[in-house]
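# Residue-level structure breakdown
Spelled out from the first residue to the last, the chains are:
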Amino acid sequence: MTHENQSPDSPGRLIKYTFVTAIEAAIDIAQHLCATQGWGPPSDNAGVVRLLGKHQAVTAATAESMRLAVGFRYVLVHEYVDVDDSIVLARLADLEPLEAFVHEIAEFLERA
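Predicted, not measured: the structure shown is a model, and the values here were computed from it.

About the cut-offs
Residues numbered from 1 in each chain as written. Predicted model: local features only at pLDDT ≥ 70, side-chain atom pairs only at ≥ 80, totals over all residues. Heavy atoms only, no water. 1 Å grid on protein atoms, 1.4 Å probe; cavity = no way out; pocket = protein on both sides within 12 Å on 5 of 7 lines; lining within 4 Å. Points joined across faces, edges and corners; volume = space filled by probe spheres on them. Helix = DSSP H or I, 4+ residues; strand = E, 2+ residues; numbered from the N terminus. Nonpolar A, V, L, I, M, F, W, Y, C, P; charged D, E, K, R; others polar. Axes fitted to C-alpha atoms, helices over the stretch in contact; angles between N-to-C directions. Parallel < 35°, antiparallel > 145°, perpendicular 65-115°, else oblique. Contact = heavy atoms within 4.5 Å. Buried < 20%, exposed > 50% of the residue type's maximum accessible area, 1.4 Å probe, protein only. Polar contact = N/O pair within 3.5 Å; in protein donor to acceptor, adjacent residues only side chain to side chain.

### Brief notes about the layout of surface pockets
Estimated volume of the second largest pocket: approximately 190 Å³. As for the second largest pocket, its lining consists of Phe19, Ile23, Ser65, Leu68, Ala69, Phe72, Arg91, Asp94, Leu95, Pro97 and Leu98. Listing elements by their share of the lining of the second largest pocket, those giving two or more residues are helix 1 (11–37), helix 3 (60–78) and helix 5 (96–111). Of the residues forming the lining of the second largest pocket, the biggest block, four residues, is contributed by helix 3. For the lining of the second largest pocket, the class distribution of residues is eight nonpolar, one polar and two charged.

Okay, structure coming up:
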């Protein structure tokens, strides 16, 4: 189903919007941490999660998962391609990368 055929409040569009919002929140957290820790400005949004991994605020695996999530967000926001709802639903079934990010950032903040 393409986005032109979906109403603004269709489940597929709402789920996509929720993913975009969640990933943007993670990016905002990552940017804030990089700024407050003095880790330098990242080159882009994918770079900001790489910096978190480099400085062990998150594991390398979580940094890579979130880098991929940032790419998924770009696709959803800029609609480079139509993203089939089944792909979005599959991602919805595996929220482990976002959950790991939240958990690891919380642990980092407790250590800091």
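### Side note on the packing of helix 2 (residues 45–54) against helix 3
The interhelical angle for the contact between helix 2 and helix 3, taken along N-to-C directions, is 170 degrees, at an axis separation of 8 Å. Taken together, the axes of helix 2 and helix 3 are roughly antiparallel relative to one another. Where helix 2 approaches helix 3, its residues Asn45, Ala46, Val49, Arg50 and Gly53 are matched on the opposing element by Ala63, Met66, Arg67, Val70 and Tyr74. Residues of the contact of helix 2 with helix 3, tallied by class, amount to six nonpolar, two polar and two charged.

### So, helix 2
Buried residues dominate helix 2, accounting for eight of its ten residues. Restricting attention to buried positions, one finds in helix 2 the residues Asn45, Ala46, Gly47, Val48, Val49, Leu51, Leu52 and Gly53. The inward-facing, buried residues of helix 2 abut helix 1, helix 3 and helix 5. Two to three positions downstream of the cap, the backbone nitrogen of Ala46 sits 3.2 Å from a side-chain oxygen, assigning the N-cap of helix 2 to Asp44. Of the residues flanking the end of helix 2, it is Gln56, one or two places downstream, whose phi is positive at about 60 degrees.

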